[in-house]
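# Per-entry structural report
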Amino acid sequence: MPVHVDWGRQARKAAAASRRLAPPVVWWGRDFPGGEDQVRLARHWIEDLLPQCDPLADLVLLASELCTNAILHTRSGKPVGRFTVDVEWAPQTARVVIGDQGSPTAPAITAKAQDATLADEDGRGLWLVDELADDWGTATHLGHRWVWVDIQWQARGGPPLQAPGGCEAVSADIARMRAAFPGTTIWWGHQTRAWWAAIPGATDASDLVKAPTRGELCQMLAATHPDSGRSRDDAW
């Protein structure tokens, strides 16, 4: 199984200098193999994290463009390459951060979408990002690169999180479960209406753990997750 790389923590640190929003209420992060089929999986994952609305549709579209760029134009698309997706949500702003494994060239925007050729796919994708995102930027660190985009959530009509018990409860639940099962991504699916976990290295739906309640998910993870040396009792 591939080794899990917590690029999400690095991404948040690398982009901190350009951040103008408060710390996220909730965040999730996963890494994916650098195959074109993984863009669809990443898109479906983001769609399940947040309630359906226009801001989410914009966020998913931009994330899809950036994931595609990472695969087509960076070392993430090479054999054994990987890319990461981090999603941060606060009532005012939602952010997605796509991390790749770098390339010899820096991201660049074409002057106009209609002026781009097929060879300028990266530029066309960033042109869309520049047009649609409320803010965006890039960060690099030790050969890796992140491109982040912000969408004004509340101002565009986005609703609050609708997870069981409300946003504060689900944020606390996820934090406790992360502590109990390090490296595991936990989320409540707004479309699937279930609790999910992606253990380190899991990418496809068949690799994920699903349960109808948080408690049942914790029990399933306790039975399958490698021993972290920490008590699991606090997670549920």
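This write-up is about the structure you can find in this document. Keep in mind it's a predicted model, so treat the numbers as computed, not measured.

Rules used throughout
Residues numbered from 1 in each chain as written. Predicted model: local features only at pLDDT ≥ 70, side-chain atom pairs only at ≥ 80, totals over all residues. Heavy atoms only, no water. Pairing = 2+ DSSP bridges. Helix = DSSP H or I, 4+ residues; strand = E, 2+ residues; numbered from the N terminus. Salt bridge = Lys/Arg side-chain N within 4 Å of Asp/Glu carboxyl O. Buried < 20%, exposed > 50% of the residue type's maximum accessible area, 1.4 Å probe, protein only. Arc of directions from axis to C-beta. Axes fitted to C-alpha atoms, helices over the stretch in contact; angles between N-to-C directions. Contact = heavy atoms within 4.5 Å. Phe/Tyr/Trp six-rings, centres within 6.5 Å; stacked < 30°, edge-to-face > 60°. Lys NZ or Arg CZ within 6 Å of the ring centre and 35° of its normal.

### Quick notes on the pairing of strand 4 (residues 135-141)
When strand 4 meets strand 5 (residues 144-152), the two strands line up antiparallel, connected through seven bridges. Its bridge partner lying in strand 5, glycine 137 is registered against tryptophan 148.

### Quick notes on the pattern of salt bridges
Taken as a whole, this structure holds five salt bridges when the rule is applied. Of the charged contacts in the structure, one is a salt bridge between arginine 156 and aspartate 58, with a shortest N-O distance of 2.5 Å. Within this pair, whereas arginine 156 is found in the loop between strand 5 and helix 5 (167-180), its partner aspartate 58 is found in helix 3 (residues 54-73), the two being separated by 98 residues in sequence. Classification of arginine 156 by relative accessible area gives partly exposed; the value is 27%. A residue is classified by how much of its surface remains accessible, and aspartate 58, at 18% relative accessible area, is buried. Ionic pairing is found between arginine 156 and aspartate 134, a salt bridge with its closest N-O pair at 3.1 Å. Of the two residues, arginine 156 sits in the loop between strand 5 and helix 5 while aspartate 134 sits in the loop between helix 4 (121-132) and strand 4, which places them 22 residues apart along the sequence. For aspartate 134, a relative accessible area of 38% corresponds to the partly exposed category.

### As for helix 6 (residues 214-224)
Of the residues making up helix 6, those classed as buried are Leu217, Cys218 and Leu221. Looking straight down helix 6, one finds that the buried residues subtend no more than 100° of arc, so they occupy a single side. Turned more than 90 degrees off the buried face of helix 6, the exposed positions are Gln219 and Ala223.

### Let's talk about the sheet that holds strand 4
Strand order in the open sheet formed by five strands is 1-2-3-5-4, and the pairing between neighbours is antiparallel. Either end of the sheet is taken by a strand with one partner, and the two such strands are strand 1 (26-33) and strand 4. The mean angle between the axes of side-by-side strands here comes to 15°, regardless of whether they run parallel or antiparallel. Set on the sheet, helix 2 (residues 37-49) makes contact with strand 1, strand 2 (82-89) and strand 3 (93-100); between it and strand 1 the angle comes to about 165°.

### Considering the environment of alanine 197
Secondary-structure assignment places alanine 197 in strand 7 (residues 194-198). Residue class for alanine 197 comes out buried when judged on its relative accessible area of 0%. As for alanine 197 and methionine 220, which are separated by 23 residues in sequence, their C-alpha atoms are 9.8 Å apart. Alanine 197 has contacts with Thr184, Thr185, Ile186, Trp187, Leu208, Val209, Leu217 and Leu221, leaving out every residue within four places of it along the chain.

### As for the pairing of strand 1
Within strand 1, six of the eight residues are buried, leaving the element largely enclosed by the surrounding structure. As defined by bridge partners, strand 1 adjoins strand 2 across eight bridges and the pair is classed as antiparallel. Opposite tryptophan 27, over in strand 2, you have glutamate 88 as the bridge partner.

### Concerning the packing of aromatic side chains
Inspection of the entire model under this criterion finds six aromatic pairs. Between tryptophan 187 and tryptophan 196, the aromatic rings sit 6.2 Å apart at their centres with planes inclined by 5°, giving stacked as the arrangement. Considered together, tryptophan 187 and tryptophan 196 belong to a single accessibility category, that of buried residues. Three or more aromatic residues joined by ring pairs make a cluster, and in this case those are Phe32, Trp45, Phe83, Trp187 and Trp196. The ring centre of tryptophan 45 lies 5.3 Å from the NZ or CZ of arginine 30, which sits over that ring. One Lys or Arg, arginine 95, reaches over the ring of tryptophan 148 and ends 4.0 Å from the middle of that ring.

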